[in-house]
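Chain and residue survey
This is what each chain is made of:
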Amino acid sequence: MVKKALLDVMFASAKRKHTLLLLKDGPREIESLLHSLETTRQALLPQLKILEESYLIGKEDDAYRLSTIGEMIVEKMTPLIETLDVLDTNIVYWGEHNLNFVPPHLLKRLKELRSCKIITPPLTELYEINKDFFKQCKISKSITLTFTFLYPNFPEIFNEWIDNGVHVTFIASKELFERIKLNYADEFRSYLNSGLFDIFVYDHTTHFTTHFVSFGYNDHCAFFRLLSKKGEYDNKQLMCCSSSAVEWNKELCEYYRNRSTHITEI
């Protein structure tokens, strides 16, 4: 009998892959596996046999369980599968946009973004904040935004958030802050005086102005506007609304905030 390579055993069959992931949580009887995999006994039994012959699972008291080797491999395989699930959904977007601004320790945890969706606003809303994100911000306790530009209607946006008692943390590029001081000093003084607005300036140009447009999070969702690998802007936005995505984006914002200067007056 020709033995299959372990990579083929694990990934060449969706049933085998998902069986291994199901058994990670503990032994399962055949009926439980059939129900979870939504398949038939005739279709599943040959796949279970291959897993047994590859020493990845064993059967005991009518229940299948991971072998010691299976436990070791599935522990390593799970992060890869979760990362692939994130990338597979929007592989063209991820492949064509720049991720160099993400620090390595967070890039390794990209799987935490979970399910994300691409939003392509109509041309009439090209320079407006995403409406769903804006609404969620109004019912959030706090928002953190990392920006290299200002929306044309930013006074309306910021004033509405502050009027709703939302605390705003705004991390700006050095170039953007110079523009704020020159053209919008009065508006930002009023935000600072509200006690609900903090502004930080990231003094380094690397990663900030050349690799992304903006990113941030509220209590419910994380968002990204990235530049292409050629440094070009497009109108696509990425929204990720899992709790782990919010925590991931929070760490990303904290990474830049901790390397920024806190501005107390303009």
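You'll find the structure just up there.
Just so you know, these numbers come straight off a predicted model, no measurement behind them.

Scoring rules and cut-offs
Residues numbered from 1 in each chain as written. Predicted model: local features only at pLDDT ≥ 70, side-chain atom pairs only at ≥ 80, totals over all residues. Heavy atoms only, no water. Helix = DSSP H or I, 4+ residues; strand = E, 2+ residues; numbered from the N terminus. Rg over C-alpha atoms; globule rule 2.2 N^0.38 Å. Buried < 20%, exposed > 50% of the residue type's maximum accessible area, 1.4 Å probe, protein only. Contact = heavy atoms within 4.5 Å. Areas by Shrake-Rupley, 256 points an atom, 1.4 Å probe, with all protein chains shown as cover. Lys, Arg positive; Asp, Glu negative; His and termini not counted. Charge placed at Lys NZ, Arg CZ, Asp CG, Glu CD. Disulfide = S-S within 2.5 Å. Pairing = 2+ DSSP bridges. Axes fitted to C-alpha atoms, helices over the stretch in contact; angles between N-to-C directions.

**Concerning the overall build of the protein chain**
When you go through the protein chain residue by residue, the secondary structure sums to 13 helices and 11 strands. Its C-alpha atoms give the protein chain a radius of gyration of 24 Å, more than 25% over the compact-globule value 18 Å for 266 residues. Going through the 266 residues of the protein chain one by one, you find that 47% of them count as buried. The long-range fraction of contacts in the protein chain, counting pairs at least 24 apart against all pairs at least 6 apart in sequence, stands at 72%. Of the roughly 14100 Å² of accessible surface on the protein chain, a fraction of 51% belongs to carbon and sulfur atoms. With 32 positive and 36 negative side-chain charges, the protein chain shows a separation of 4 Å between the mean positions of the two kinds.

**Structural notes on the state of the cysteines**
Tallied over the full model, the rule gives two disulfides. Shown here is the disulfide that connects C116 with C240, its sulfur atoms set 2.1 Å apart. Taking the sign of the S-S torsion, 110° for the link of C116 and C240, the bridge is right-handed. Separated by 124 residues along the polypeptide, C116 in strand β4 (residues 116-119) and C240 in strand β10 (residues 237-240) bring together distant segments of the chain. A residue is classified by how much of its surface remains accessible, and C116, at 7% relative accessible area, is buried. The disulfide partner of C221 is C241, and the gap between their sulfur atoms is 1.8 Å. An S-S torsion of about 105° defines the bridge between C221 and C241 as right-handed.

**Some remarks on the sheet that holds strand β5 (residues 142-147)**
Strand order in the open sheet formed by eight strands is β4-β10-β9-β8-β5-β6-β7-β11, and the pairing between neighbours is mixed. Looking along the sheet, the strands with just one partner apiece sit at the ends: β4 and β11 (260-263). Looking at each pair of strands side by side, their axes are set apart by 20° on average, direction ignored. Bridge count between β4 and β10: four bridges; the pairing is antiparallel. Residue pairing in the sheet places C116 in a bridge with C240 of β10. Packed on one face of the sheet, helix α10 (residues 174-183) meets β5, β6 (167-173), β7 (197-202) and β11 and runs near 110° to β6.

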